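# Geometric and topological summary
So you can see what is in the structure, the chains are spelled out below.
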There are 2 protein chains.
Amino acid sequence: MAGRQARKNIPQRASGPALWASVGARVRDRERKRDAVIMTAARAFRERGYHNTSLDDIASELNVTKPTVYHYVENKEQLLFECFRAGLKLIMDGIEEQRESTTTGRERLAAVISRYAEAITSDFGWCMVQAENQDLSPAMSRKVKALKSEIDQGLRSLIRAGVDDGSIRPCDEKMTAFALAGALNWIAHWYRSDDQLAAAEIAHRFIELFEQGLQPR
Amino acid sequence: MAGRQARKNIPQRASGPALWASVGARVRDRERKRDAVIMTAARAFRERGYHNTSLDDIASELNVTKPTVYHYVENKEQLLFECFRAGLKLIMDGIEEQRESTTTGRERLAAVISRYAEAITSDFGWCMVQAENQDLSPAMSRKVKALKSEIDQGLRSLIRAGVDDGSIRPCDEKMTAFALAGALNWIAHWYRSDDQLAAAEIAHRFIELFEQGLQPR
DNA sequence: GGCTAAATATACTCGCGGGTAAATTAGAGC
DNA sequence: GCTCTAATTTACCCGCGAGTATATTTAGCC
């Protein structure tokens, strides 16, 4: 069939469509396939936006048809949520990681910023940032809000810790956390993966700016 | 008719639906009406998002039918663009305003930040931030990109000026501008107009943070 | 090699919403 | 009061895309 033939010619990106590329190579690991669906969706959402990406699009990028996608995920909203959660987890891990650290609050905050930048520049970055309440059902919206709030609280408590240990100048922790999160989240809007600038480099410059400030010392 | 009666009961918000509220009060000024359409769209987009707002929604908020909206605006995309432009103009004005100022670069930058925050918290703020290329035709996308770039260049040149006159510590102006714009744009994501926090207050805290930095001096 | 369950595909439904053609109403000028 | 234009409405079209009912294939298992 023409269909079959066409499928073989699809370029095989890492960990994505390759899973389904040839019938013989199909792996039966359900988890893996589900992850591939989510990953592909994340990339598609990032490139074309949530509303401009149909499930048919995602399916065809996976060399599969729409009902197959529905076999791994309840609906489109859930798909967005999974992308969101995957990205958010990267950040949460970064924050968690610093819990047992014994360095100053400022240093721990800097470490979290680095991980945050890493997460935002990942395939899931865009979804994390764009998963607005507007596109979600009330129930989902609540979940997303709660998760986002965890990140916010994590940042604030690091700032507070820094103020307490003297490594951070006393400041409005809420506004500071918002400014930080804003600058970081915004990366998703301008970052292109083919950019020369690596996440680590961006994080480094941001840390310097936020720590030192614009005014000469 | 029941339709007419219902219209009279619509609450009349400032400068919006009131224009059409009663037949007798209809103003013939085309400009004014067009502006009302744009304003109403901006509010709706902010509340429910671009894709979740239909032109029927906007029309009905104006106590009018969809074709009337089309009488003032070519299509939905154009409508988003107009909202975007209206918001952007506020910022451009702020930058322009500082061109003839003779103060230091850092002070001028602070002034622009204030105006920026003001613009972002306005009804048009959300549209400005959300008018992503993804939802726009290639032609529109180019226009939006060009306008956004103007803002970016404005910020960078202020930073450069500050570095030159010694009021700003030498830094990567591109990353600094991105961080600033990010923090400011992000306001649109969390700001609610009924918030106690006024734009001026937010701007003030942001300026302090960006100027002084987190590290104690 | 036949049985069963999971995986995938075919072939639909259906509503929403952008956009429009054609009629109707309002109003300015005479 | 008539006419002509601008403003507005009624009543549509139509495509896209989310979601699904049903058939078919695949693969593990005895």
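Identification of chain A as TetR family transcriptional regulator from Steroidobacter agaridevorans is taken from an unreviewed UniProt entry.

## So, the UniProt feature "DNA-binding region" (unreviewed entry) in chain A
Look at the UniProt record and you will see "DNA-binding region" (unreviewed entry) annotated at residues 54–73 of chain A. Across residues 54–73 of chain A, the secondary structure splits into 70% helix and 0% strand, with the terminal C-alpha atoms separated by 14 Å.

## Considerations on the protein's contact with DNA strand C
Neighbouring DNA strand C are 19 residues, the closest being His71(A), Tyr72(A), Leu55(B), Lys66(B) and Lys76(B). When the atoms of DNA strand C within 4 Å of the protein are grouped by moiety, sugar and phosphate amount to 59% of the total. In the model, a phosphate oxygen of DNA strand C is placed 2.8 Å from a nitrogen or oxygen of the Thr65(A) main chain. Those elements that place two or more of their residues in the surface near DNA strand C are helix H3 (30–48) and helix H5 (66–72) of chain A together with helix H5 (66–72) of chain B. Top element by residues in the surface near DNA strand C is H5(A). It accounts for 4 residues. Broken down by class, the residue content of the surface near DNA strand C amounts to 7 nonpolar, 6 polar and 6 charged.

## What to know about the relation of the copies chain B and chain A
For the pair chain B and chain A, the relating rotation is 180 degrees, the translation along its axis is 0.0 Å, and the fit reaches an RMSD of 0.0 Å. Such values leave the two copies arranged in the relation of a two-fold axis. Across chain B, the rotation axis passes nearest the C-alpha of Gly213(B), at a separation of 1.8 Å.

## Examining H3(A)
Residue and element names in this part refer to chain A. The end-to-end C-alpha distance of H3, which contains 19 residues, comes to 27 Å, matching closely the 27 Å that a straight helix rising 1.5 Å per residue would cover. All of the buried residues in H3 are Lys33, Ala36, Val37, Ile38, Thr40, Ala41, Ala42, Arg43, Ala44, Phe45 and Arg46. With its phi angle positive at about 90 degrees, glycine 49 sits one or two positions after the end of H3.

## Observations regarding the interface of chain B and chain A
Every contact between the two is made by 44 residues of chain B and, on the other side, 44 residues of chain A. Each partner contributes to the roughly 4300 Å² buried at the junction of chain B and chain A, and carbon and sulfur atoms together form 59% of this total. Across the contact surface, chain B and chain A share 4 salt bridges. A salt bridge links Arg169(B) to Glu208(A); its shortest N-O distance comes to 3.3 Å. Linking chain B with chain A are 28 residue pairs in polar contact (both at pLDDT 80 or more). Elements with a contribution of two residues or more to the side of chain B that touches chain A: helix H3 (30–48), helix H7 (105–120), helix H8 (125–130), helix H10 (173–190) and helix H11 (199–212) of chain B. No other element matches the 10 residues that H10(B) contributes to the side of chain B that touches chain A.

Quick notes on the rules
- Residues numbered from 1 in each chain as written.
- Chains lettered and ligands numbered in written order.
- Predicted model: local features only at pLDDT ≥ 70, side-chain atom pairs only at ≥ 80, totals over all residues.
- Heavy atoms only, no water.
- UniProt positions renumbered as here; feature names shortened; annotations may be inferred.
- Helix = DSSP H or I, 4+ residues; strand = E, 2+ residues; numbered from the N terminus.
- Near = heavy atom within 4 Å.
- Polar contact = N/O pair within 3.5 Å; in protein donor to acceptor, adjacent residues only side chain to side chain.
- Nonpolar A, V, L, I, M, F, W, Y, C, P; charged D, E, K, R; others polar.
- Least-squares fit on C-alpha atoms with pLDDT ≥ 70 in both.
- Expected span 1.5 Å × (residues − 1).
- Buried < 20%, exposed > 50% of the residue type's maximum accessible area, 1.4 Å probe, protein only.
- Contact = heavy atoms within 4.5 Å.
- Buried area = accessible area lost by both parts, 1.4 Å probe.
- Salt bridge = Lys/Arg side-chain N within 4 Å of Asp/Glu carboxyl O.

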